[in-house]
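For reference, the chains in residue letters:
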Amino acid sequence: MAIHKDLLGGPPPTHLPDDPEPRELLGHGSAPTDVAAKYPASSLAWAQLADEAFENGRVIESYAYARTGYHRGLDALRRAGWKGHGPVPWEHEPNRGFLRALHALARAAQSIGEQEEYERCSSFLRDSSPAAADTLG
């Protein structure tokens, strides 16, 4: 008999509901600014904006975009039953926008000397999803 219970007593993984439209638009080359304007709750669009800004040396813009994606993601996680801690698996594709925004926020915070925020966000990312932390660097 198999037991399918978390024997450590931790919270179950949170899986955000799928919202394929922003992902499909971005995947087909739509501008992230257009996608964020049409789907402002999409952490993925904000994370992509943060990545593009960072790659182009616009660290403050990257920070602002990442913070927006992070907060929109926190809102979505709470609506999905997340209680402030527990796994947010990278393997579940709808979670990736939030995790990418969290990573981007850590990266931008470090770039502007916000060491405490960098450490908090980096720990949060690793605690939420070791696979995301490893994948995103």
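Only a predicted model underlies this, so the values are computations on that prediction, with no experimental measurement involved.

Draft legend 1. Expanded view of the overall build of the protein chain. A tally of regular secondary structure across the protein chain gives seven helices and zero strands. Counting from the amino terminus, helix and strand elements in the protein chain follow one another as α-α-α-α-α-α-α. For 137 residues, the compact-globule formula gives about 14 Å, and the C-alpha radius of gyration of the protein chain, at 15 Å, lands near that figure. By its C-alpha atoms, the protein chain is 55 × 35 × 25 Å across when sized along the principal axes. In the protein chain, which comprises 137 residues, the share counted as buried stands at 40%. Nonlocal contacts in the protein chain, meaning residues at least 24 apart in sequence, comprise 62% of its contacts between residues at least 6 apart. By element, 53% of the accessible surface of the protein chain is carried by carbon and sulfur atoms, the whole surface being about 7,800 Å². The averaged location of the 19 negative side-chain charges in the protein chain is 4 Å from the averaged location of its 14 positive side-chain charges.

Draft legend 2. View of the packing of aromatic side chains. Enumeration over the complete set of coordinates arrives at five aromatic pairs. On the numbers, 6.1 Å between centres and 20° between planes, the contact of Tyr70 with Phe98 is stacked. Taken together, the residues Tyr70 in helix H4 (residues 59-79) and Phe98 in helix H5 (residues 96-111) connect sequence positions 28 residues apart. Both residues of the pair, Tyr70 and Phe98, belong to the buried class. Relative to Phe124, the ring of Trp82 lies with its centre 5.9 Å away and its plane at 20°, an arrangement referred to as stacked. Of the two residues, Trp82 sits in the loop between H4 and H5 while Phe124 sits in helix H6 (residues 115-128), which places them 42 residues apart along the sequence. One exposure class covers both Trp82 and Phe124, and it is buried.

Rules used in this analysis
- Every residue gets a number counted from 1 within its own chain, in the order that chain's sequence is written.
- Where local features are concerned, this predicted model is filtered to residues with pLDDT of at least 70; where side-chain atom pairs are given and counted, the filter is 80 or more; whole-chain, interface and lining totals use all residues.
- Calculated side-chain values reflect all of the structure's heavy atoms, with hydrogen atoms and water omitted.
- Put simply, DSSP H or I for four residues or longer makes a helix, DSSP E for two residues or longer makes a strand, and each gets a number counted from the N terminus.
- The globule rule is 2.2 Å times the number of residues to the power 0.38, and the radius of gyration it is compared with is taken over C-alpha atoms.
- For every residue, the accessible area (1.4 Å probe, protein chains only) is compared with the maximum for its type, and the residue is labelled buried under 20%, exposed over 50%, or partly exposed between those bounds.
- In what follows, residue pairs with any heavy atoms lying within 4.5 Å of each other are defined as contacts.
- Every accessible area reported is derived by Shrake-Rupley at a probe size of 1.4 Å, with residue values counting cover from the shown protein chains alone.
- Asp and Glu are treated as the negative residues and Lys and Arg as the positive ones, with His and the ends of the chain left uncounted.
- For the purpose of locating charges, the reference atoms are NZ of Lys, CZ of Arg, CG of Asp and CD of Glu.
- Two rings from Phe, Tyr or Trp (for Trp, the six-membered ring) form a pair when their centres are within 6.5 Å of each other. A pair whose planes differ by under 30 degrees is stacked, one over 60 is edge-to-face, and the rest are tilted.

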